[in-house]
Amino acid sequence: MPTITLQPSGHSYECPTGAPILKTGLDAGLFMPYSCRSGVCNTCRGKVVKGKVDFGPVHPKYLSEEDKAKGYALLCCATPLEDLVIEVTEIDAGDAIRSKYMPARILRAEKVAPDVMLVRVGLPMNEPLVFRAGQYVEFIRKDGSRRSYSIANPPTNNGVRQLELHVRLTPGGQFTDYVFNKMQVRDIHRIEIPLGSFFLREKSDKPIVMLASGTGFAPIKSIIEYSLRKGFTRPITLYWGGRRREDIYMRELAEGWAKTHPHITFIPVLSEPAASDKWTGRTGFVHQAVMQDFPDMSGLEVYACGSPVVIDSARRDFAANCKLPEAAFYADAFLTTADKAA
Ligand code: FES
């Protein structure tokens, strides 16, 4: 069975031929970075410096032939063909939290926009949940399929007993159809939590740009509320993009942060405002608004969350045009059923 050795840590584990390198590493107890686990967000990217790898079903948009030739691989999709040595930035053991399975009960739901439902979920009273602000939960359906949602409330020292989730109605999405049309208070689900490596790197003191599209605001909300609770004052500039005014569904909350905290700036950006929106704010693509304001991002950290197209454009353009170091871009891409099928 091939052995995978990670550098620079020197951690190693066995991974059967044909098994995903990331999942096998996580199962072996290592803390490797990941988010979508579907070959889209690039969070799990590593560089194979020794050995042959099968790159797996990765779209060329997310891993080019040129990148493959340099040895880059998306470890959620790649499988080993022989022993491998891979360069990857592992997560600090102090930041890592092992996920667990538990039941979760629907407590209440409230529509905060025509296509966004705010859902509150209760966790077992004897299992307060410790997580990092920005992480996500997976709902495991009866057929074994999973649906991921970011946690929108902040963690607390003693753990939380409730989750706040922002669920967007997506065409053809069976789970969102359930949430919008069939969900009942007290419904019980099986969940795995907490997941993902999209969370605030607290050891850094670099100014932060946060970029949210649509319900990508949820984990950003968790991170900002957590950082306010902790008294952090690192400068944060939050850009929240949507098509219409109603897509910025918690605008007052974000404006309130900016009003009461001088280190926070909030900039909503609409791409297709209607006349009825009476919009006088910024317009265009949200990641381009960031580039206009920060032509040099070499000293920043970016936390971006939302649709794959926004995340992908931001990662590419920030690095190519604004000098953002690759390692300073943290992302969480929301994949719909349609994205996964594509
Ligand atoms: S976790 Fe591998 S590309 Fe997102």
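Everything numeric here is computed off the predicted structure, so don't read it as measured data.

Rules used in this analysis
- Residues numbered from 1 in each chain as written.
- Predicted model: local features only at pLDDT ≥ 70, side-chain atom pairs only at ≥ 80, totals over all residues.
- Heavy atoms only, no water.
- Salt bridge = Lys/Arg side-chain N within 4 Å of Asp/Glu carboxyl O.
- Helix = DSSP H or I, 4+ residues; strand = E, 2+ residues; numbered from the N terminus.
- Buried < 20%, exposed > 50% of the residue type's maximum accessible area, 1.4 Å probe, protein only.
- Pairing = 2+ DSSP bridges.
- Contact = heavy atoms within 4.5 Å.
- Axes fitted to C-alpha atoms, helices over the stretch in contact; angles between N-to-C directions.
- Core = buried A, V, L, I, M, F, W, Y, C linked by side-chain atoms within 4.5 Å.
- Domains from an automatic or database assignment.
- Right-handed = clockwise from strand over helix to strand, strands pointing away.

Q: Residues and numbers for the pattern of salt bridges, please.
A: This structure, assessed with the given rule, holds 23 salt bridges. Its salt-bridge partner being glutamate 66, residue lysine 70 comes within 3.8 Å of it at the nearest N-O pair. Taking the shortest distance from any N to any O, the salt bridge between arginine 168 and aspartate 247 comes out at 3.2 Å. Of this pair, arginine 168 sits in strand β12 (residues 162-168) while aspartate 247 sits in the loop between β15 (236-242) and α5 (251-260), placing them 79 residues apart in sequence. Classification of arginine 168 by relative accessible area gives partly exposed; the value is 22%. Through salt bridges with shared partners, one network takes in Arg37, Glu138, Arg146 and Glu192.

Q: Pulling in residues and values, what's your account of the sheet that holds strand β18 (residues 301-306)?
A: A sheet is described by the order of its strands in space; here 6 strands give the open sequence β17-β16-β15-β14-β18-β19, paired in parallel fashion. One side of each edge strand has no neighbouring strand; the edge strands of this open sheet are β17 (282-283) and β19 (329-333). Note: β18 against β19, 5 bridges, orientation parallel. Each residue of the ladder has a partner; that of alanine 304, found in β19, is alanine 331. Along the sheet, helix α4 (residues 217-230) contacts β14 (208-213), β15, β16 (264-270) and β18; its crossing angle with β14, the most-contacted strand, is approximately 145°. Where helix α6 (residues 286-293) meets the sheet, it contacts β14, β15, β16 and β17, and its direction lies at approximately 145° from that of β15.

Q: Outline the nonpolar core, listing residues and values.
A: By size, the foremost hydrophobic cluster in this structure holds 57 residues, and its most contacted members are Ile21, Met32, Leu75, Tyr239, Met297, Phe318 and Phe329. When residues of this core are assigned to their parent elements, the largest contribution, 5 residues, is made by helix α7 (residues 308-322). If you count residues domain by domain, this core takes at least three from each of domain 1 (3-87) and domain 3 (208-341). Excluding residues within four positions of it along the chain, methionine 32 makes contact with Leu6, Tyr13, Ile21, Leu22, Gly25, Leu26, Leu75 and Ile91.

Q: Pulling in residues and values, what's your account of the pairing of β19?
A: Where burial is concerned, most of β19 is hidden: 5 out of the 5 residues are buried. Here β19 shows no split at all, with Phe329, Ala331 and Ala333 on one side and Tyr330 and Asp332 on the other all buried. Crossover connection from β18 via α7 to parallel β19: handedness right-handed.

Q: I'd like a description of α6, backed by residues and values.
A: Two residues of an α-helix separated by three or four positions point the same way, owing to the 3.6 residues in each turn. Looking at α6, one finds that the buried residues are Val286, His287, Ala289, Val290 and Met291. As for α6, its buried residues are in contact with β14, β15, β16, β17 and α7.

Q: Talk me through unusual backbone geometry; I want residue IDs and the actual numbers.
A: For the bond running from glutamine 7 to proline 8, omega is 10°, close enough to zero to count as cis. You can see proline 8 is positioned in the loop between β1 (3-7) and β2 (12-14). At the junction of isoleucine 193 and proline 194, the peptide bond is cis and its omega measures out at -5° in the coordinates. Tracing the backbone through its elements, the reader meets proline 194 in strand β13 (residues 188-195). Although it is not a glycine, lysine 278 sits at a positive phi angle of roughly 45°. Tracing the sequence through the fold places lysine 278 in the loop between β16 and β17. Taking relative accessible area as the criterion, lysine 278 reaches 66% and is therefore assigned exposed. At lysine 323, a residue that is not glycine, the phi angle is positive and equals roughly 60°.

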